[in-house]
Structure formats: structure tokens, C-alpha cells
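Observations on chain architecture
What follows is each chain in one-letter form.
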Amino acid sequence: MRQLTVISGKGGTGKTSLVGSFAVLAENKVIADCDVDAPDLHLLLHPEILTKQEFKGLKVAVMDKTLCTECGTCEETCRFNAIASTEGSGYAVNPARCEGCGACVFTCPQEALSLKERVSGYAYISKTNYGTLVHAQLNVAEEASGKLVTLVRENARQIAEKEGCNLILIDGAPGIGCSVIASLGGVDLALIVTEPTQSGMHDLKRILSVVEYFGVKPSVCINKYDINEEVTEEIEAFCREKGIEIAGKILYDDTITKAMVAGVPVVAFESELKSTAAEEITLMWHRIEQIIQE
Amino acid sequence: MIISVASGKGGTGKTTVAVNLALSLSNMQVQLLDCDVEEPNSHIFLNPVIEETKPAQTLVPTVNYELCDYCGKCAPACEYNALVVVPKQQVMVFPELCHGCGLCSMVCPQDAISEEPRKIGVIKKGRSGDGKIELVYGVLNIGEVMATPLIDQVKEELDPAKTVIIDVPPGTACPVIAAVQGSDYCILVTEPTPFGLYDLKLAIAVLKVLKLPFGVVINKAGIGDRKVYEYCAKEGIPILLEIAHDKRIARYYSEGVPFVSEMPEWEERFARIMKGIKEYVG
């Protein structure tokens, strides 16, 4: 079984639009949306939810106000600025900042604080027209998105084994931090989607370092390559120098946005005009199928 | 006055709005804090002269084996499983799991655990070419998962005497909270597409938890559909500015050029956002 993660460093380069199309083109796969903060793949694949699973991330400190004597030890102890006192209402825990470490529970002389489990989000297993989709939604203002990504990937692996799938197709999050790192471990190929802008180039270099740091094979897709052909050439030269294959280039094509508005992956979108982007994505997918087997 | 620029969805134009807004406030002292420490981009547009670079650190435990008696109290105290005690041999520390809370050193009955700094990135401070804008940004080390402490440390540089603009990372989780918390107002940048709308709603949910006032900037106006507009009208959310999907703007962006410096008619439009926010915040 092979695993492909689509990432970008910079947000908004077209990861999800591409993964939506790959979901149509790839055979015998499980699709995993590992952008658990702001998942969008469901807007193209319209999952019918089969199972919903609670995700318990980090715990949260809870204060029993009847025991609190306002001594302030908890505020001094907390390294995450999660406990503060306000005039009139006294000390309170800010659950959005609490990382559930329990240090305040340990130091409170009144035993007014305790750690409670909290449901930080939900993981889903769903049916789509293009195969099984595993996805999740982290509750807003929560921690531990990396752990939820790990849970989604574990669900994907189990289903792939059970159904005998030979590919897990992973839509990653933007950035280079915890949820991206959690979506990279043990995958066979990382497709980095970039765009020909100075920001795109800058962010490509950083995400590439992360991919290499974790020993994953990279490949690059230049999306909207015609918005600045000079920067596209810079990216191509950079990749050539690093020995990284450019799996494909996609023209700026407003059919992609039209397909998104219609809620359909662009390669499955019935447009009156033939979409160049859809053709380029299809070509790129065939190339990726070869690279991932190498 | 502290104004954060956030979005939920990545790539909607947070940095574009933050930088062009900063450049449009010519009559104010402006400080821009780029809190997207995973992929900071503001410096690409502002070309700052860097005056100071300092390490950003978090604390990790270190064990004094002359004092440790392998009692094993530290490992179960750690909520992140960052410590494992091998009886009579070793206390293994996994720095990438450690949140730096300090609990292990508190619970150790032998005082055998102390903390030492671990570098997670750097903070850079500088001024843009003409010296008008002070820029502070964090750069997270490659392979590092602890973005939040670095964001907190960027925010320690905040100068309350200035008009402060915060460039927030995408998403809805802990790094976003760390970046927006303490702001007087939040500008949410979105694009008029289904992805833009879905993620805008998530970002709004975060701001409601934090009880922060907000308004929306619609970038790439003209693409997609009208649903973001309908949603904002229905919810009574002010649309502060529309930036048209424009080839020239896209081109300047791709070159790393802030478009207000080439299209000065936009300066007043950005300045007007600030005027409106000031009146609103009071």
C-alpha cells in the first residue's frame, strides 16, 4: 500500500482542488482529509457519514470556584497564560489557552483545580461517489490538531487494509507545524503544490526542508504557472538543481473555481468548454502514479 | 490599538491585507507582527533591514542522575508522555512531545529535574526600507511542532504605543488563538468561494469564543459566487473592503511588491478601514 500526501506550506495554492480531482482519477484508494482545522474536501466530495467518533485531545483544567481563595498560585504556575484574574469575577481558566498539563492542579494549595477530559473534535468515516473518505473536524479554538491528524490516518490505514486498497490519498494542512508533520510520517510521496509568487517560492523552500527532514520523497506541482512565468522558471530551476521532479504544471483556469462553486472536482465537472486545467491535472495524476511506485 | 488579520482558510490574502494596511497608515507609528511563524511572508513585501535576531526558546527537562532514584513519579505526571523512566538506568526525555509546562520538575521528590532552554526558532526585528514600519516576525525551526510558544514570544515584542497589526496564521486551532488573543479588532480575509465561506464561518466561530469584534475583507472579488456576501448580510457582518480579482494586483503580489505602493488610489481605501475600526472600537 502506498501513501501520498498533498501539502503546500503556503495556503490557498490549490491542494484541496487537486486532491478532489485525484479522488476521481485514482482507483482503489482511501481518501483522507488531514486538514482538520479547516477541512474543505467534503465540499467537493459530499460525504455520507457512516461513523462519527469522539476525539479526546488534551485535557483541560477546571476550577471549583467555591474552593478558590484567590491566592494566585495557579496564575504563577501556568506557562501558557491560561489562568488570569479579572476584577469582580476572580480567577478563571481560559480553555482556549489551557494545554491540560496539570501543573496548576499540582500547585493549588486548596485543591480547587482538577483536570477533565474534553471532546476536542470528531473523526468521521464516510462514503462518497469516489470511495471511502476519512475526515475530521477539530472544534474551534482547540489544541492537538496533530493528534487528530494521526487518528484520521490510523482510520485510513485500517480501512485500506480491510478493503484491500493500494493507496491512501492525503490532503494536508497549510504550514509546516504539528498537523503537517503528522500528515507526513511514513508516506511514500509528498506532492508540494506551489504557485509562482515570491511567497510561494519562499514557502516551498521551507516545506521542502520539512519533507526532507522526515525523509519523504518530494515532488512539485506548479499551480497557476502562467500568473508569473519568470517565477515559474525560478521554481523550475530550483527544483532541477535539487533533483526534484515537477510532476505537473497547471494553467490558471477559472473552471477550477466554477467547479468548486458547483461542488464538483474539476476533472468531473461538465463544462461547455474543454478545461485545460482538467487535462493537465489528469496528465499529472498519471505521472504521480508512476513516481509513487518507484 | 491592536488589529489582527486572520482567515481560517490559507491563501486568502491575510499578508496582502496586513502589509498594505500597514503601508497605508502614513500618519501613524505602525508595528507589524507576523505571527505566521510556520510560513512568515510579510518580510518578503516589506524588505526590512533586520536590526536584531534572537533565539526563541522553550524549556525541556534535564535529569541530574546523581539525584535521580528512578522513583518514576515524573513520567505519569506528564500529560504529553514526554518522559519514560527505565528503572535503575535512564529517564528518557522526548523534547518534541514536551510542552514545557514544568510539572515534572515540580513533582520530582529528589529535585533531580531541572529545565534547560531548547531553541524552537528565531525572532527577527527590523524596519522596512523607509523606516516607517517596525516589523517583528518569528521563524519556526524546520521539523519543530511547538509553534505557539514562538508566537507568544513574537507578541512579547508588542509596542502598545503604536498601531499594531498582527498577521495571523491560517486555521482555527491553538496558533490562531495565540496570535489573535488580546486584539481590539480582527479583520477576517476571505474569498467569495465555497471554501472561503466554509472556513470564514469557522474563523468567526473562533472569534465568538474569544468575544472579539470583527469585519470582513473580500479578496479576489469577482470570482466564485455571491454566498459570502449573502452570509455577511444575513449575519450583519460588516464588509470592510473588497479587493477585486485583478491581474495587476496578482502580478504585484507574485513579485513580492505591496500593491498600494504601485496603485496609490488604494492607500485611502485601506486607511478608511482603519478609520472605521477606530470609530467602532472607540
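It should be emphasised that the depicted structure is a prediction, and the values quoted were computed from it without experimental measurement.

**Describing the overall build of chain B**
- Scanning chain B from terminus to terminus reveals 10 helices and 11 strands.
- Seen through its principal axes, chain B has C-alpha atoms that stretch 70 × 40 × 35 Å.
- Per-residue burial over chain B gives 52% buried out of 282 residues.

**Looking at the nonpolar core**
- Of all hydrophobic cores here, the largest spans 157 residues; its most connected members are V152 and L169 of chain A.
- Ranked by residue count, the leading element in this core is helix α7 (residues 194-210) of chain B, at eight residues.
- Not counting residues up to four positions away in its chain, the partners in contact with L169 of chain A are L4, V19, F22, A23, A26, K29, I31 and A32 of chain A.
- Counting 30 residues, the second largest nonpolar core, distinct from the first, contains V60 and M63 of chain A together with V63 and L103 of chain B.

**Considerations on the interface of chain B and chain A**
- Counting residues at the interface gives 50 residues for chain B, matched by 53 residues for chain A.
- Every element with two or more residues in the side of chain B that touches chain A is listed here: α4 (103-107), α6 (174-180), α7 and α9 (247-255) of chain B.
- If one sorts the elements of the side of chain B that touches chain A by residue count, α7 of chain B sits on top with nine residues.
- Looking at the side of chain B that touches chain A residue by residue, the classes come out as 26 nonpolar, 16 polar and eight charged.

**What to know about helix α9 (residues 255-262) of chain A**
- Turning to α9 of chain A, its buried residues number three or more, namely I256, T257, A259 and M260 of chain A. Down the axis of α9 of chain A, the buried side of the element spans an arc of 160 degrees, and every buried residue falls inside it.
- Elements that come into contact with the buried residues of α9 of chain A comprise α1 (15-25) and α10 (276-293) of chain A together with α7 of chain B.
- Downstream of α9 of chain A by a residue or two, G263 of chain A has a phi angle that is positive, lying close to 75 degrees.

**Some remarks on the domain arrangement of chain A**
- The domains assigned to chain A are domain 1 (2-56 + 121-293) and domain 2 (60-117).
- For domain 1 of chain A and domain 2 of chain A, the distance between their C-alpha centroids amounts to 40 Å.

**A short note on the sheet that holds strand β10 (residues 167-171) of chain A**
Residues and elements named next belong to chain A.
- The nine strands are arranged β3-β8-β9-β2-β10-β1-β11-β12-β13 in an open sheet whose pairing can be described as mixed. Each edge of the sheet is formed by a strand with only one pairing partner; in this case those strands are β3 (48-56) and β13 (246-250). Strand-to-strand twist across the sheet, computed as the mean angle between neighbouring axes with direction ignored, equals 15 degrees.
- In the packing of helix α7 (residues 198-213) onto the sheet, the strands contacted are β1 (2-7), β11 (189-194) and β12 (218-223), and the crossing angle to β11 comes to about 170 degrees.
- Against the sheet, helix α8 (residues 229-242) touches β11, β12 and β13, its axis set at about 170 degrees to β12.

**Focus on the domain arrangement of chain B**
All names here are of chain B.
- When cut into domains, chain B gives domain 1 (2-47 + 129-281) and domain 2 (58-119).
- Using only C-alpha atoms to locate each centre, domain 1 and domain 2 end up separated by 40 Å.
- Between domain 1 and domain 2, the contact holds four residues from the first and four residues from the second.
- Looking at side-chain class alone, the side of domain 1 that touches domain 2 contains three nonpolar, one polar and no charged residues.

Cut-offs applied
- Residues numbered from 1 in each chain as written.
- Chains lettered and ligands numbered in written order.
- Predicted model: local features only at pLDDT ≥ 70, side-chain atom pairs only at ≥ 80, totals over all residues.
- Helix = DSSP H or I, 4+ residues; strand = E, 2+ residues; numbered from the N terminus.
- Buried ≥ 20, exposed ≤ 12 C-beta atoms within 10 Å, placed from the backbone.
- Core = buried A, V, L, I, M, F, W, Y, C linked by C-beta atoms within 7 Å.
- Contact = placed C-beta atoms within 7 Å.
- Nonpolar A, V, L, I, M, F, W, Y, C, P; charged D, E, K, R; others polar.
- Arc of directions from axis to C-beta.
- Domains from an automatic or database assignment.
- Pairing = 2+ DSSP bridges.
- Axes fitted to C-alpha atoms, helices over the stretch in contact; angles between N-to-C directions.

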